[in-house]
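As a plain string of letters, each chain reads:
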Amino acid sequence: MEETINYTAQPPEDFQLVQTLYESLGWNSLNLTVEELERMCKQSWYAVYAFDAQQLVGMARVISDGVITGVICGVGVSPTYQSKGIGKELMLRVIAHCEQHRVIPQLMCVENLEPYYETLGFEQFSTGMVIKINR
């Protein structure tokens, strides 16, 4: 039976769903609370969520000034839903939203994901750096 995935910019009513998704992906090393994840989502310039019925199975966000550039982040799909085109659909929706507002989408990713993002039209343009903050 094929899942029917609903994509929406409407955030979940219960942000525990975001925490569950992040934990399933091993992304909550900072031990973010449900309240912090809610603030993260609501303060994003744009976010899109993928639901299978009431279950949050994927999401992607853009942080932007809404004028020049937008940084795509937090693109993730629940492990049991990966390789079904959900991540690609999330990315296409994020890219379309950026293009609609004339915002240049950018992202940082781990090296082994570069070929995937290249299939969506991204190309390497610089070296990124980060300071790891201990919380």
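With that settled, the discussion passes to the overall build of the protein. When you go through the protein residue by residue, the secondary structure sums to four helices and five strands. Reading the protein from its N end, one meets helices and strands in the order β-α-α-β-β-β-α-β-α. The C-alpha radius of gyration computed for the protein amounts to 15 Å, which stays within 12% of the reference 14 Å derived for 135 residues, consistent with globular compactness. Projected onto its principal axes, the C-alpha positions of the protein cover 40 × 40 × 30 Å. Taken over 135 residues, the protein has a buried fraction of 38%.

As for its placement among the helices and strands, alanine 53 is situated in the loop between strand S2 (46-52) and strand S3 (55-64). Separated by 48 residues in the primary sequence, alanine 53 and isoleucine 5 have C-alpha atoms spaced 7.5 Å apart.

This part is about the packing of aromatic side chains. Aromatic rings in a pair are described by how distant their centres are and how their planes are angled relative to each other. Enumeration according to the criterion identifies three aromatic pairs in this entry. For the ring pair tyrosine 22 and tryptophan 27, a centre distance of 5.1 Å and an interplane angle of 90° mean the geometry is edge-to-face. Note on tryptophan 27: relative accessible area 33%, which makes it partly exposed. With a centroid separation of 6.2 Å and an interplanar angle of 85°, the aromatic rings of tyrosine 117 and phenylalanine 122 are classed as edge-to-face. A residue is classified by how much of its surface remains accessible, and tyrosine 117, at 10% relative accessible area, is buried. Taken together through their ring pairs, the aromatic side chains of Tyr116, Tyr117 and Phe122 make up a single cluster. The side chain of lysine 84 reaches across the aromatic face of tyrosine 81, ending 5.3 Å from its centre.

Cut-offs applied
Residues numbered from 1 in each chain as written. Predicted model: local features only at pLDDT ≥ 70, side-chain atom pairs only at ≥ 80, totals over all residues. Heavy atoms only, no water. Helix = DSSP H or I, 4+ residues; strand = E, 2+ residues; numbered from the N terminus. Rg over C-alpha atoms; globule rule 2.2 N^0.38 Å. Buried < 20%, exposed > 50% of the residue type's maximum accessible area, 1.4 Å probe, protein only. Phe/Tyr/Trp six-rings, centres within 6.5 Å; stacked < 30°, edge-to-face > 60°. Lys NZ or Arg CZ within 6 Å of the ring centre and 35° of its normal.

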